[in-house]
Amino acid sequence: DFKYGTVRNKIISGYNRKQIYLSKLIVNVSTSVVVQLIYSLSVLLFSSLVLGFNKSSSFELSDFTNILSLILSSVLIQVTTYSLLTLINVTTQKNAKTIIWFLATNMIISFALSIIMIILSEFDLQSWITLIQDMDPNNQLTYISNNYLETDLFILIIVSNIIYIVIINLIGYNNFKKKELK
């Protein structure tokens with residue numbers, strides 16, 4: 001969009017930056033949600049066919065709610081990830097730079113969180129360390145891959161990712177609003 005002047009032409013045609021940013025975000029997020037749902041449901045289907053369920057117990061409501069919470073959590077983390085990608089894309093205006101900055105941002109966040117946890121461990125603040133670990137989307141994906149979420153962790157994943165999505169998109173829109181288009 002930026003390379004060929006499409007975004008600039010949209011602004012000239014009367015679309016405001018908010019509409020353009022939201023359209024980019026909606027396309028990115030909807031694509032990621034569809035891909036995540038297809039992946040999650042195909043894994044569920046094929047693993048059920050291959051591994052089956054425990055013969056001594058039937059599929060219960062708790063199994064369904066656990067699967068639903070895992071899928072919902074993973075979709076929400078994907079939305080957070082693609083919100084960050086949208087922010088970086090409208091800021092850098094280049095696809096290659098977006099990928100590089102996205103990877104760098106993930107590394108910087110992981111590095112910063114590690115340093116914070118090391119400092120907190122010096123003061124024996126284990127509850128804060130656990131909270132930081134539980135709020136990190138990379139760790140949240142690890143919890144999801146272990147196939148079980150306790151209610152408190154599920155709620156923390158939902159709330160933290162909604163907060164991340166709001167903050168990331170406010171920053172992204174403000175960056176895009178101020179960005180000079182070439």
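Keep in mind the model is a prediction, meaning the values are calculated, not measured. (Residues numbered from 1 in each chain as written. Predicted model: local features only at pLDDT ≥ 70, side-chain atom pairs only at ≥ 80, totals over all residues. Heavy atoms only, no water.)

**Notes on the confidence of the model for the protein**
Mean pLDDT over the protein works out to 79, with 82% of the residues at or above the 70 mark. By mean pLDDT, the top-scoring element of the protein is helix H7 (residues 151–178) (88), and the lowest-scoring one is helix H1 (residues 6–12) (55). (pLDDT = per-residue confidence, 0-100. Helix = DSSP H or I, 4+ residues; strand = E, 2+ residues; numbered from the N terminus.)

**Thoughts on the environment of Gln140**
Within the secondary structure layout, Gln140 lies in helix H6 (residues 137–145). The spacing of Gln140 and Ile157 is 17 residues in sequence and 6.9 Å in space, taken between C-alpha atoms. For Gln140, the residues in contact, after removing those within four places along its chain, are Ile77, Asp134, Met135, Leu156, Ile157, Ser160 and Asn161. (Contact = heavy atoms within 4.5 Å.)

**Structural notes on the packing of aromatic side chains**
In total, this model carries two aromatic pairs according to the counting rule given. Between Tyr21 and Tyr173, the aromatic rings sit 6.4 Å apart at their centres with planes inclined by 65°, giving edge-to-face as the arrangement. With Tyr21 in helix H2 (residues 17–51) and Tyr173 in helix H7, this residue pair connects regions lying 152 residues apart in the sequence. Taking the relative accessible area as the measure of exposure, Tyr173 reaches 23% and is therefore partly exposed. With a centroid separation of 6.3 Å and an interplanar angle of 40°, the aromatic rings of Tyr21 and Phe176 are classed as tilted. Of the two residues, Tyr21 is situated in helix H2 and Phe176 in helix H7; the sequence distance between them amounts to 155 residues. With respect to burial, Tyr21 and Phe176 carry one shared label: buried. A network of ring pairs unites the aromatic residues Tyr21, Tyr173 and Phe176 as a single cluster. (Phe/Tyr/Trp six-rings, centres within 6.5 Å; stacked < 30°, edge-to-face > 60°. Buried < 20%, exposed > 50% of the residue type's maximum accessible area, 1.4 Å probe, protein only.)

**Comments concerning the layout of surface pockets**
Taken as a whole, the second largest pocket spans an internal volume of roughly 390 Å³. In terms of lining, the second largest pocket is formed by 17 residues, of which the most central are Thr80, Asn106, Ile109, Asp136 and Pro137. Looking at the lining of the second largest pocket, the elements with two or more residues in it are helix H3 (61–92), helix H4 (95–122), helix H5 (126–135), H6 and H7. Split into classes, the residues belonging to the lining of the second largest pocket amount to 11 nonpolar, five polar and one charged. (1 Å grid on protein atoms, 1.4 Å probe; cavity = no way out; pocket = protein on both sides within 12 Å on 5 of 7 lines; lining within 4 Å. Points joined across faces, edges and corners; volume = space filled by probe spheres on them. Nonpolar A, V, L, I, M, F, W, Y, C, P; charged D, E, K, R; others polar.)

**Points about a nonpolar patch on the surface**
On the surface, a cluster of nonpolar side chains totalling about 710 Å² of accessible area is made up of Phe111, Ile115, Ile119, Phe123, Leu125, Trp128 and Leu131. No other element matches the three residues that H4 contributes to the nonpolar patch. Topologically, Leu131 is positioned in helix H5. (Patch = residues over 30% accessible without salt bridge, like charges linked within 9 Å, V, L, I, M, F, W, Y side chains within 5 Å. Areas by Shrake-Rupley, 256 points an atom, 1.4 Å probe, with all protein chains shown as cover. Salt bridge = Lys/Arg side-chain N within 4 Å of Asp/Glu carboxyl O.)

**Here's the deal with the nonpolar core**
Ranked by internal contacts, the top residues of the largest apolar core, which has 19 residues, are Tyr21, Val79, Leu84, Leu87, Ile88, Phe102 and Phe176. Top element by residues in this core is H3. It accounts for 10 residues. Those residues within four positions of Phe102 in sequence are excluded, and the remaining contacts are Thr81, Leu84, Leu85 and Ile88. Ranked by size, the runner-up nonpolar core spans six residues in total, among them Leu70, Leu149, Leu153 and Ile157. (Core = buried A, V, L, I, M, F, W, Y, C linked by side-chain atoms within 4.5 Å.)

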